[in-house]
Amino acid sequence: MQIEFVSPDTGLAPRTVLAFAVPEGEASSFQDGVFAAAVAASRFTGARGQVLQVHGAADRVILVGAGKIAEFDALAAEHAAASAYAAVKTSGLECLRLVPAVDTGEFAARAALGLRLAAYRFDKYRTREPADKKPSIAAAQIVTGHAAAARAAMPPLAALADAVVFSRDLVSEPANILHPVEFARRVKALEALGLSVEILGEPEMADLGMGSLLGVGQGSIRESQLVVMRWNGAADPAAQPVAFIGKGVCFDTGGISLKPADGMEDMKWDMGGAAAVAGLMHVLAGRKAKVNAVGILGLVENMPDGNAQRPGDVVTSMSGQTIEVINTDAEGRLVLADAVWYCQDRFKPRFMIDLATLTGAIIISLGNDYAGLFSNNDELAENLLSASKGEEEPLWRMPLPKAYEKQIDSPIADMKNVGGRPGGSITSALFIQRFVNGLPWAHLDIANTAWKKPSTVPTIPDGATGYGVRLLNRLVADHYEERA
Ligand code: BES
Ligand code: MN
Ligand code: ZN
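Keep in mind that what you see is a predicted model, and the values were worked out from it rather than measured.

**Student:** What exactly am I supposed to notice about the environment of Ile-460 here?
**Tutor:** Locating Ile-460 in the fold gives a position in the loop between strand S18 (451-452) and strand S19 (463-464). Considering only alpha carbons, one finds Ile-460 and Tyr-120, 340 residues apart in sequence, at a separation of 8.0 Å. Setting aside anything within four residues of it in sequence, one finds Ile-460 in contact with Arg-168, Ser-455 and Thr-465.

Okay, here's the thing in structure tokens:
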């Protein structure tokens with residue numbers, strides 16, 4: 001979508017929808033007869049998310065609820081723009097002209113971000129979609145008296161939108177297309193942004209002793225990959241980096257502990273953690289963040305096969321710790337065990353944050369909106385929680401009780417990979433903690449937030465959310481970047 005910032009006196013483009021964002025309580029103050037009549041005949045109050053079509057005016061006019069003016073903020077600006085777009089995207093008209101509720105350069109720029117995110121669509125495999133079902137809005141004008149400020153605020157937000165789109169595309173791709181080698185190839189292409197990308201294949205991982213990660217992929221004909229992304233934006237290229245690690249199970253059948261058929265197709269998005277980390281590195285490079293950052297992706301496919309790992313197998317991780325694989329469907333933690341250990345061993349980062357669609361239990365614990373946050377460090381946890389509020393990617397902190405460690409004791413190895421049903425998300429986090437070697441660390445279980453159907457946020461269309469990219473970008477920007 002082509003988005004521009006225009007002054008109020010700019011003429012209307014042909015085939016335009018005009019959208020006015022109206023603060024709650026101000027809908028009844030319209031003097032103009034057409035608006036006043038439309039409002040009077042409806043229940044429109046300006047509450048957030050409401051949309052009212054006004055008939056009898058220009059091409060088409062809508063009113064969009066912007067919510068209470070006292071609560072109006074950047075996210076409200078995004079929402080109003082996104083709701084307007086969603087209401088008219090298939091109207092047949094081509095331009096959306098938005099008059100924001102509160103006119104600042106920052107809010108106009110955030111409205112543009114809201115439009116970009118709301119207009120996301122994964123339609124590359126649709127070849128017969130009827131023309132009248134396709135979005136018709138191809139351009140947007142955001143009306144503002146602060147166009148220069150809005151344009152100046154745009155570059156980091158455009159970089160963010162590009163990165164969220166990149167991440168959503170990875171998550172949306174089916175697993176016959178996006179296997180580990182293809183995922184790594186797409187990440188390698190990000191070197192054009194100034195990142196460096198290294199790809200380790202199975203022989204390199206075997207040399208490093210990554211028996212835990214390799215065991216997961218051994219039933220697949222697709223080669224497992226470990227991708228190391230680096231962005232060096234700090235003044236000192238040797239400054240200690242921050243580090244992010246993503247679970248990238250390109251498809252999770254469960255392996256020999258095979259999942260039931262119903263809903264198994266969802267497991268194409270079991271690489272949402274890796275996609276979030278790749279998206280984060282994309283935005284850090286795209287906006288030239290003043291930080292050194294490492295992103296590590298553990299990419300595997302979990303398949304049943306004659307060569308697949310069996311329940312009861314014992315594998316040796318890169319850390320030297322041995323793991324009894326009780327259930328081959330608890331594979332994400334096996335991938336992270338080696339990826340996390342490798343990360344701390346090679347980079348000695350300031351902290352590590354891993355993201356993973358790790359457990360069904362987090363859906364049971366927290367429902368569909370709050371990802372689970374587990375951390376051994378209160379400062380890192382607080383910084384994540386505050387970043388989460390600013391970007392509307394909710395998090396809820398969960399405990400890491402020592403007493404639950406015994407649930408993952410094994411009679412024949414150093415640990416087993418499942419701890420039973422009680423506290424399933426917690427015991428999986430305790431498992432990963434055994435590979436962080438005492439560094440400040442946080443684990444985000446995003447099994448409930450990587451994919452939404454239906455979505456309840458106007459800037460997130462149904463399907464891949466890109467959860468984590470905004471949160472971690474804000475975390476880095478607010479707490480770990482060098483100040484200019
Ligand atoms: N990828 C799944 C977790 C998952 C489940 C994500 C549902 C999204 C929706 C993970 O690999 C898994 O299978 N976890 C098992 C662990 C169990 C075997 C201990 C689970 O949560 O059932
Ligand atoms: Mn699994
Ligand atoms: Zn999985």
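Here the narrative resumes, following the displayed structure.
**Student:** Which parts of the structure should I look at to understand the coordination of the zinc ion (ligand 3)?
**Tutor:** Ideal values for angles at a metal depend on the geometry: 109.5 degrees with four tetrahedral donors, 90 or 180 degrees with six octahedral donors. Taken together, Lys-247 (NZ), Asp-252 (OD), Asp-270 (OD) and Glu-331 (OE) make up the full set of protein donors to the zinc ion (ligand 3), lying 2.0 to 2.4 Å away. Here the donor residues of the zinc ion (ligand 3) are spaced in sequence according to K-x4-D-x17-D-x60-E. Between the two metals, the zinc ion (ligand 3) and the manganese ion (ligand 2), the spacing is 3.2 Å, and Asp-252 donates to both. Separated by 18 residues along the polypeptide, Asp-252 in strand S9 (residues 242-252) and Asp-270 in the loop between S9 and helix H8 (272-286) bring together distant segments of the chain. Grouping residues by exposure puts Asp-252 and Asp-270 together as buried.

**Student:** Explain the nonpolar core here, please?
**Tutor:** Generally speaking, soluble globular proteins have nonpolar side chains that are buried together. One finds Phe-183, Leu-297, Ile-353, Leu-384, Leu-444 and Leu-472 to be the most contacted residues of the largest nonpolar core, which totals 98 residues. For this core, the leading source of residues is helix H4 (residues 147-172), giving twelve residues. Ranked by size, the runner-up nonpolar core spans 48 residues in total, among them Leu-336, Trp-341, Tyr-342 and Met-352.

**Student:** Even after reading the chapter, I still don't get the layout of surface pockets, so can you show me in this structure?
**Tutor:** In this structure, the largest pocket occupies an estimated 1100 Å³ of space. Lining the largest pocket are 44 residues, with Lys-259, Thr-359, Gly-360, Ala-361 and Ile-363 positioned closest to its centre. It is helix H10 (residues 360-366) that contributes the most residues to the lining of the largest pocket, five residues altogether. Its residues assigned to classes, the lining of the largest pocket comprises 14 nonpolar, 17 polar and 13 charged. When its volume is computed, the second largest pocket comes out at roughly 440 Å³. What lines the second largest pocket is a set of 23 residues, and nearest its centre among them are Arg-121, Phe-122, Lys-453, Asp-462 and Gly-463.

Conventions and cut-offs
Residues numbered from 1 in each chain as written. Chains lettered and ligands numbered in written order. Predicted model: local features only at pLDDT ≥ 70, side-chain atom pairs only at ≥ 80, totals over all residues. Heavy atoms only, no water. Helix = DSSP H or I, 4+ residues; strand = E, 2+ residues; numbered from the N terminus. Contact = heavy atoms within 4.5 Å. Donors = N, O, S within 2.8 Å, 3.2 Å for Na, K, Ca; no water. Buried < 20%, exposed > 50% of the residue type's maximum accessible area, 1.4 Å probe, protein only. Core = buried A, V, L, I, M, F, W, Y, C linked by side-chain atoms within 4.5 Å. 1 Å grid on protein atoms, 1.4 Å probe; cavity = no way out; pocket = protein on both sides within 12 Å on 5 of 7 lines; lining within 4 Å. Points joined across faces, edges and corners; volume = space filled by probe spheres on them. Nonpolar A, V, L, I, M, F, W, Y, C, P; charged D, E, K, R; others polar.

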